[in-house]
Amino acid sequence: MTASGTALYLDGVSVTFDGFKAINELSLVLRPGEMRAIIGPNGAGKTTMMDIITGKTRPDRGQVIFDGEVDLTRLDETDIARLGIGRKFQKPTVFETHSVEDNILLALAGKRGVFATLGARLSGDEARRVDRILRLIRLDGRRKEIAGALSHGQKQWLEIGMLLAQNPKVLLVDEPAAGMTDAETMETADLLKEIAGEHTVVVVEHDMEFVRALGVKVTVLHEGSVLAEGSIDHVSADQRVIDVYLGR
Amino acid sequence: MSSLPKSRPMLLASLDRRSWTFLATLLAAGIIVPVANLAVEPGHAAHLPSYAVALMGKYLTYALLALSVDLIWGYCGILSLGHGAFFALGGYAMGMHLMREIGPRGVYADPVLPDFMVFLNWKELPWFWWGFDMFWFACLMVLLVPGLLAFVFGWFAFRSRVTGVYLSIITQAMTYALMLAFFRNDMGFGGNNGLTDFKDVLGFDLQSDTTRAGLFVFSALALAAGYVVCRVITTSRAGKVLIAVRDAESRTRFLGYRVEHYKLFVFVVSAMMAGLAGALYVPQVGIINPGEFSPANSIEIVIWVAVGGRGTLIGAAVGALTINGLKTVFTSVAPNEWLFALGGIFILVTLFMPRGILGEWDVLKARHAAEKRERIATGLRRMRAAAAEGAHLTSAVEAAE
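Thresholds, definitions, all that
- Residues numbered from 1 in each chain as written.
- Chains lettered and ligands numbered in written order.
- Predicted model: local features only at pLDDT ≥ 70, side-chain atom pairs only at ≥ 80, totals over all residues.
- Heavy atoms only, no water.
- Contact = heavy atoms within 4.5 Å.
- Buried area = accessible area lost by both parts, 1.4 Å probe.
- Salt bridge = Lys/Arg side-chain N within 4 Å of Asp/Glu carboxyl O.
- Nonpolar A, V, L, I, M, F, W, Y, C, P; charged D, E, K, R; others polar.
- Pairing = 2+ DSSP bridges.
- Helix = DSSP H or I, 4+ residues; strand = E, 2+ residues; numbered from the N terminus.
- Axes fitted to C-alpha atoms, helices over the stretch in contact; angles between N-to-C directions.
- Buried < 20%, exposed > 50% of the residue type's maximum accessible area, 1.4 Å probe, protein only.
- Phe/Tyr/Trp six-rings, centres within 6.5 Å; stacked < 30°, edge-to-face > 60°.
- Lys NZ or Arg CZ within 6 Å of the ring centre and 35° of its normal.

> Help me understand the interface of chain A and chain B, please; the structure alone is not making it clear to me.
How big an interface is tends to be stated in terms of the accessible area lost upon association of its parts. Between chain A and chain B, the residue contacts involve 42 residues of the former and 33 residues of the latter. Together, the buried faces of chain A and chain B total about 3400 Å²; carbon and sulfur atoms form 59% of this surface. Of all residues in chain A, A:F95, A:L106 and A:L118 give up the largest surface area on contact with chain B, accounting jointly for 18% of the area buried on that side. Applying the counting rule to chain A against chain B returns six salt bridges. Residue A:E126 pairs with B:R237 through a salt bridge whose shortest N-O separation is 3.0 Å. Of the residues that constitute the side of chain A that touches chain B, the class distribution is 16 nonpolar, nine polar and 17 charged.

> Before we go on, may I ask you to explain the sheet that holds strand β7 (residues 170-174) of chain A in this structure?
As a general point, the strands of a sheet are linked pairwise by backbone hydrogen bonds and lie either parallel or antiparallel. All names here are of chain A. Judged by pairing direction, the sheet is mixed, and its six strands sit side by side in the order β6-β7-β8-β3-β9-β10 without closing on themselves. Across the chains shown, the open sheet's two edge strands, defined by having one partner strand only, are β6 (85-88) and β10 (225-230). Taken over all neighbouring pairs, the strand axes of this sheet differ in orientation by 20 degrees on average, direction set aside. Its contacts with the sheet put helix α1 (residues 46-53) on β3 (35-39), β6, β7, β8 (200-204) and β9 (217-222), and the angle it makes with β7 is roughly 150 degrees. Strands β6 and β7 of the sheet are contacted by helix α6 (residues 152-166), whose axis makes an angle of about 175 degrees with β6.

> Just to check I follow, could you spell out unusual backbone geometry for this structure?
With the exception of glycine, the majority of residues adopt a negative phi angle, and the majority of peptide bonds are in the trans configuration. Residue and element names in this part refer to chain B. Phi at A109 takes a positive value of approximately 55 degrees, unusual for a residue other than glycine. Mapped onto the fold, A109 is located in the loop between α4 (83-102) and α5 (115-119). Accessibility expressed as a relative area gives 41% for A109, which makes it partly exposed.

> Sorry, what's going on with the packing of aromatic side chains here?
Geometrically, a pair of aromatic rings is defined through the distance of the ring centres and the angle of the planes. Evaluation of the coordinates by the stated rule reveals 24 aromatic pairs over all chains. Judged by centre distance (5.6 Å) and plane angle (35 degrees), the rings of B:Y62 and B:Y281 are tilted. Placement of the pair is B:Y62 in helix α3 (residues 50-76) and B:Y281 in helix α11 (residues 259-285), with a sequence separation of 219 residues. Each member of the pair, B:Y62 together with B:Y281, is buried. Here the aromatic rings of B:Y257 and B:Y262 are separated by 6.0 Å at their centres, their planes lie at 80 degrees, and the arrangement is edge-to-face. Taken together, the aromatic side chains of B:Y92, B:F116, B:W127, B:F128, B:W129, B:F182, B:F189 and B:F293 make up a single cluster linked through ring pairs. A cation over a ring is seen here: A:R87 above B:F254, with NZ or CZ 5.3 Å from the ring centre. Seen from the ring of B:Y257, A:R112 lies directly overhead, with NZ or CZ sitting 4.5 Å from the centre.

Everything listed here is a matter of coordinates, which is why it stays silent on function.
In structure tokens, the structure reads:
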């Protein structure tokens, strides 16, 4: 298997924190436009995997290739974000004192340099893109309010909106349904399905109902490596997966 | 339709009503103070004594210094506990020019060497004093030296992601190290005594009332200019990025912003503003010595900003003027208790006015506006109810008829 033609290619990735193997010989391949759900018990290495892909953590060994050719292990967070990998954190992280619309505006793909933003003015095109995203994430009516005033679920949506504004090729979404009501959870699943296709999406989630609603291929992580892969029905029938989740 | 603000020329768009009030106040002070000092006869009730002009001029340079700290602390979360260093460096650059301008009028009457060098038996001017006989060169150094130090310091600190309290500690260490270095005689900056005995600047006698009034006006202008620069930066999109860095640094990084570049930019601008403040401070107080590098000075600046209202710009200036005004009054009444009073003020403000003077004022105003809206809404509801009641009665009467 080679990296060419893939959106994201991880091969033999390992990282150790103080002797603890957080990620152990992890291999994962995503096709362009694919949506993948990653599940696994606490400490399985889901968040560490995202840290490695986004440049926050450097792996001790292994290959991490983006877009078939770019070696991500040599780049930092900013470079990787500029290449087109967006990330949503587990805890919703938005700019609390900025208005909802400014949050989206700051995320919009565009020039990122100090002097470019110092002289930047709002273009008609930018205003239209902000409007479109605000409607999509259903926060159009609260655009002037500061983001800190939003509910937990709305912050999750705002952060997803910021990811969309960034227009990345690959989206890494960490527990998007955490703290949401059942209705919100289902709406979030619909939103993510809408996004997939144009973007490659990796969703890390605990909520099995949510993963089922996504209806995509599932990778089960355990102790830093892949335990099983396949449809939700396939992996939830796997005895090893059941043992990991329930047995111990 | 988008409700995002329409573009206007950046400079004008950056100034709100409060900005204009602030600038107008500075302009008024810049006119009234010199007039009350120079044109009004001494003995008249409206006469302003010369010492007061120099004092207020000094306060304005402190206000500019506070503004520079608010730019980085209030808007980018960089708490510098060493900003006095940039202020002192700007001050030394100006002091070096003033020393050169003394020329042969010094005690030892050496046409080139300042007195302290003759005293140390130096034969020629060290290389780093070259060029300071020219006013324009000194002015350039006032901005460049603090700017360069901030650039080098910031480059290493921000690239290594030193943040929060660790950054504060190393800024403190920086100013302390500079203080120790400047205390040494062989550094070539007058050691312990610093630079003093200045005679004039650009040929104007520093002791004369007109020169002092002129320096006051320049301090007011510098404060106004510094304020406008801060407003342009903080209201631009780059300003939004700075606030984003302050509130969620890693989020900003994952959006593709080069956080260290933004920090470096604002840190350098801030250091240059502090340097300019120092350069205006020195001719008004007549001396610059290593004491200006003392860590306590830098901490005091942070207190001014906290008291006035962090992240409000004008609040920083208000805080600097308020605290220093109080300090002047207090030190003449009970000189030994001033530090206790300053500590007390800081504790009280932190406990009861965490947003500072201007921040709390804004909260009060917002609450007042909300109450007013509420009153209007209640009034409207009552009127509607009364109207409905009236209509109901009318129809009842009509039905009865």
